[in-house]
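Structural overview for review
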Amino acid sequence: MTQSYRFPPGFHWGAATSAYQIEGSPLADGAGPSIWERFAHTPGMMANGDTGDIACDHYHRYKDDVQLMRALGLQGYRFSIAWSRVLPEGAGRINQKGVDFYSRLVDELLENGIEPNATLFHWDLPAALDDRGGWLNRDIAHWFAEYANVMYKALDGRVKRWSTLNEPWVVTDGGYLHGALAPGHRSKYEAPIAAHNLMRASGAGIQAYRAVGKHEIGVVFNIEPKYPASNSQEDIAATRRAHAYMNEQFADPALLGSYPPELKEIFGPAWPDFPEDDFKLTQQKVDFVGLNYYTRAVVKHDPNAYPLKAVPVKQPNTTYTETGWEVYEQGFTDMFTWFKQRYGDIPLYVTENGSAFYDAPVAEGDVVQDPLRTSYLRKHLKAMHHAIEQGVNLKGYYAWSLMDNLEWSLGFAKRFGLYHVDFATQKRTPKATAKFYAQVIETNGAVLDD
Ligand code: BGC
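Just so we're clear, the structure is a prediction, and the values are computed from it rather than from any experiment. (Residues numbered from 1 in each chain as written. Predicted model: local features only at pLDDT ≥ 70, side-chain atom pairs only at ≥ 80, totals over all residues. Heavy atoms only, no water.)

Let us now look at the pairing of strand E7 (residues 288–292). Walk down a regular strand and you will see the side chains alternate between the two sheet faces. E7 sits mainly inside the fold: five of its five residues count as buried. Where strand E5 (residues 216–222) lies against E7, five bridges are found, and the strand directions are parallel. Within the sheet, the bridge partner assigned to Val-219 lies in E7 and is Val-289. Examined bridge by bridge, E7 and strand E10 (residues 348–352) share four bridges and lie parallel to one another. Bridge pairing in E10 places Gly-290 opposite Tyr-349. (Buried < 20%, exposed > 50% of the residue type's maximum accessible area, 1.4 Å probe, protein only. Helix = DSSP H or I, 4+ residues; strand = E, 2+ residues; numbered from the N terminus. Pairing = 2+ DSSP bridges.)

Here it is as structure tokens:
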């Protein structure tokens, strides 16, 4: 049976990146160091010793990169702002040259008919703020609002879609619980405090926007649906804990003004009793929510797994990406329906979705053939279409990522790009997925037809 995959008129198509992953020159023009600058320069933290010193050199090549976007027909581009370029000490003194870089980027996008979508925090906290406790210091809500305000004043009017944070779960889990990401802490006592202050900061950033901003603001969560490995009570309870920890811990305080009870069970005596008043700050009206989706997890009980007593179980007869993530597009549809059911009919954007696969080297002038990535994209766009048919209020989709970039502590080896980047020469080459995505955009989905 053939099925038509036209997306609603006006559906917004884009691609996403983040500052530390692509810009390079992290200390240029008076910028202060971020925690990622420090982390990447600590021996043993990054695969292959890779750093963001050069990355995609986007800081110098942004005009060419906007032309890559244009070649795809992108309607929107989601990027992040490096806080320590704008406020080298994280608070106080403004570095105008840092603001100017983003102002030039935004102008370039608009001149090329591409809507800018700015994320204020994609993990690169100013190191000076980390020295003052970073996400563990309650003052960070004010520091964040102060920084956000500088950017709203500089860019609102040209930037019409803002997000406070990207994926607070990753910051908490990687940065404060397991230590695989900056700032590299490993503490069950710190993680819930960092999570809570992230959501307080997001709330403070939204509040600040209401005073000066005229357009839309939201927050971006990564959602990973959890499914029990069996029908046993133990596995079902483990799945609940994993879901509460990864998904509800962030969306609940932002959208419901509370935490799910499982968090107390997981953290035990390390779970602080947060002041009730804090939820007035965390729960602000959002204009949209951005959802990032990559994979699902099938979960089973394991009494030795710290701290969740739950572990993911690998699935047979399926494809895994180079980051070890199962390709499971049904989870994408399920994520939207779960989100709507729990939080109501909030306008949604997919702010990231994509896959890392090995790309074979190409000859000059060629297109990189990346059939697994194209298949991932095709399947996920169909799953997204099913969600829209089921009445989910989905406004647009941003592919992760415009081009290959620094996959954080995994380095440059994990390639998510629509464009291949040769990091020795900075040459960008389109992948077959880029060509496919350009057709999707041009036809608003028609090329997905069976
Ligand atoms: C992040 C990106 C990252 C991508 C792939 C998301 O967690 O927002 O920065 O590169 O997933 O891992």
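On we go from here.
This next bit is on unusual backbone geometry. With omega at 5°, the peptide bond leading from Ala-182 into Pro-183 counts as cis. Looking at where Pro-183 falls in the secondary structure, it is placed in the loop between helix H8 (168–177) and helix H9 (191–212). Backbone geometry places Asn-48, a non-glycine residue, at a positive phi of 65°. Structurally, Asn-48 is set in the loop between helix H2 (35–40) and helix H3 (58–72). Despite not being glycine, Lys-309 has its phi angle at roughly 55°, a positive value. If you trace the backbone, Lys-309 turns up in the loop between strand E8 (297–301) and strand E9 (310–312).

Looking now at the nonpolar core. The tendency in soluble globular proteins is for nonpolar side chains to be buried side by side. Within the largest apolar cluster, 140 residues are counted, with the highest numbers of intra-cluster contacts made by Ile-81, Trp-83, Trp-135, Trp-162, Phe-336, Met-384 and Tyr-397. In terms of residues, this core owes the most to one element, helix H7 (residues 140–155), which gives eleven residues. Grouped together as the second largest cluster of nonpolar side chains are eleven residues, Ala-16, Phe-288, Ala-356 and Tyr-376 included. (Core = buried A, V, L, I, M, F, W, Y, C linked by side-chain atoms within 4.5 Å.)

So, about the sheet that holds E9. Read from one edge of the open sheet, three strands run E6-E8-E9, paired in mixed fashion. Because the sheet does not close on itself, it has two edges, and the strands there are strand E6 (226–228) and E9. Neighbour to neighbour, the strand axes of the sheet diverge by 40° on average, direction disregarded. Pairing of E8 with E9, which is carried by three bridges, proceeds in the antiparallel orientation. When the bridges of E9 are listed, Val-299 appears paired with Pro-312. Against the sheet, helix H10 (residues 233–255) touches E6, E8 and E9, its axis set at about 125° to E8. (Axes fitted to C-alpha atoms, helices over the stretch in contact; angles between N-to-C directions. Contact = heavy atoms within 4.5 Å.)

Right, let's get into the packing of H7 against H9. To describe two helices that pack against each other, one gives the angle between their axes and the distance between the axes. Orientation of H7 relative to H9, taken along the N-to-C sense of each, is 35°, at an axis distance of 8 Å. Where H7 crosses over H9, the handedness of that crossing is right-handed. Between H7 and H9, the contacting residues are Ile-140, Ala-141, Phe-144, Ala-145, Asn-149, Tyr-152 and Lys-153 on the first element and Asn-197, Arg-200, Ala-201, Ser-202, Ala-204, Gly-205, Ile-206, Ala-208, Tyr-209 and Val-212 on the second. Among the residues forming the contact of H7 with H9, the class breakdown is eleven nonpolar, four polar and two charged. (Left-handed = near helix turned anticlockwise from the far one by under 90°. Nonpolar A, V, L, I, M, F, W, Y, C, P; charged D, E, K, R; others polar.)

An order of E1-E2-E3-E4-E5-E7-E10-E11 is seen for the eight strands of this closed barrel, with the pairing classed as parallel. Between one strand axis and the next, the sheet turns by 25° as a mean value, whatever way the strands run. Alignment of strand E1 (residues 12–16) against strand E2 (residues 76–80), held across three bridges, turns out to be parallel. By the bridge assignment, Gly-14 is partnered in E2 with Gly-76.

The next thing to look at is the pairing of E1. Most of E1 is tucked away, with five of its five residues classed as buried. The side-chain alternation of E1 yields two buried faces, one formed by His-12, Gly-14 and Ala-16 and the other by Trp-13 and Ala-15. Relative to strand E11 (residues 394–400), E1 runs parallel, the two being bridged by five bridges. Across the sheet, Gly-14 pairs through a bridge with Tyr-398, a residue of E11.

Applying the stated criterion across every chain, the model contains 43 aromatic pairs. Relative to Tyr-102, the ring of Phe-101 lies with its centre 4.9 Å away and its plane at 70°, an arrangement referred to as edge-to-face. The burial state of Phe-101 is the same as that of Tyr-102; both residues are buried. With a centroid separation of 5.2 Å and 85° between ring planes, the pair formed by Tyr-152 and Trp-162 is classed as edge-to-face. Here Tyr-152 is found in helix H7, whereas its partner Trp-162 is found in strand E4 (residues 161–166), with ten residues between them in sequence. Residue Tyr-152 shares its accessibility class with Trp-162, and that shared class is buried. A connected cluster of aromatic rings, assembled from ring pairs, spans Trp-169, Tyr-245, Tyr-259, Phe-267, Trp-271, Phe-274 and Phe-279. A cation over a ring is seen here: Arg-85 above Phe-101, with NZ or CZ 6.0 Å from the ring centre. Against the face of Tyr-328 rests Arg-296, its NZ or CZ located 3.6 Å from the ring centre. (Phe/Tyr/Trp six-rings, centres within 6.5 Å; stacked < 30°, edge-to-face > 60°. Lys NZ or Arg CZ within 6 Å of the ring centre and 35° of its normal.)

So, on to the site of the ligand. Close contacts around the ligand come from Gln-21, His-122, Trp-123, Asn-166, Glu-167, Tyr-294, Trp-325, Glu-352, Trp-400, Glu-407, Trp-408 and Phe-416, and that covers them all. A distance of 2.8 Å separates an oxygen atom of the ligand from a polar atom in the side chain of His-122. Glu-167 has a polar side-chain atom sitting 2.5 Å from an oxygen atom of the ligand. With the chains in place, 95% of the 300 Å² that the ligand exposes on its own is no longer accessible. In the shell around the ligand, the residues fall into six nonpolar, three polar and three charged. (Near = heavy atom within 4 Å. Polar contact = N/O pair within 3.5 Å; in protein donor to acceptor, adjacent residues only side chain to side chain. Areas by Shrake-Rupley, 256 points an atom, 1.4 Å probe, with all protein chains shown as cover.)

Before going further, it helps to examine helix H14 (residues 371–389). Here H14 spans 27 Å end to end across 19 residues, near enough to the 27 Å set by a 1.5 Å rise per residue. For H14, the full list of buried residues reads Arg-373, Thr-374, Tyr-376, Leu-377, His-380, Leu-381, Lys-382, Ala-383, Met-384, His-385, Ala-387 and Ile-388. Where H14 is buried, its residues touch E1, helix H13 (330–343), E10, E11 and helix H15 (432–443). In the stretch just after H14, Gly-391 is the one whose phi turns positive, near 95°. (Expected span 1.5 Å × (residues − 1).)

For the structure on display, the rule yields 26 salt bridges. Salt-bridge contacts for Arg-240 lead to Glu-262; the nearest nitrogen and oxygen are separated by 3.0 Å. With Arg-240 in helix H10 and Glu-262 in helix H11 (residues 262–267), this residue pair connects regions lying 22 residues apart in the sequence. In this structure, Lys-431 and Asp-359 form a salt bridge, with 2.7 Å as the shortest nitrogen-oxygen distance. (Salt bridge = Lys/Arg side-chain N within 4 Å of Asp/Glu carboxyl O.)

Treat this as a map of the structure, not an account of what it does.
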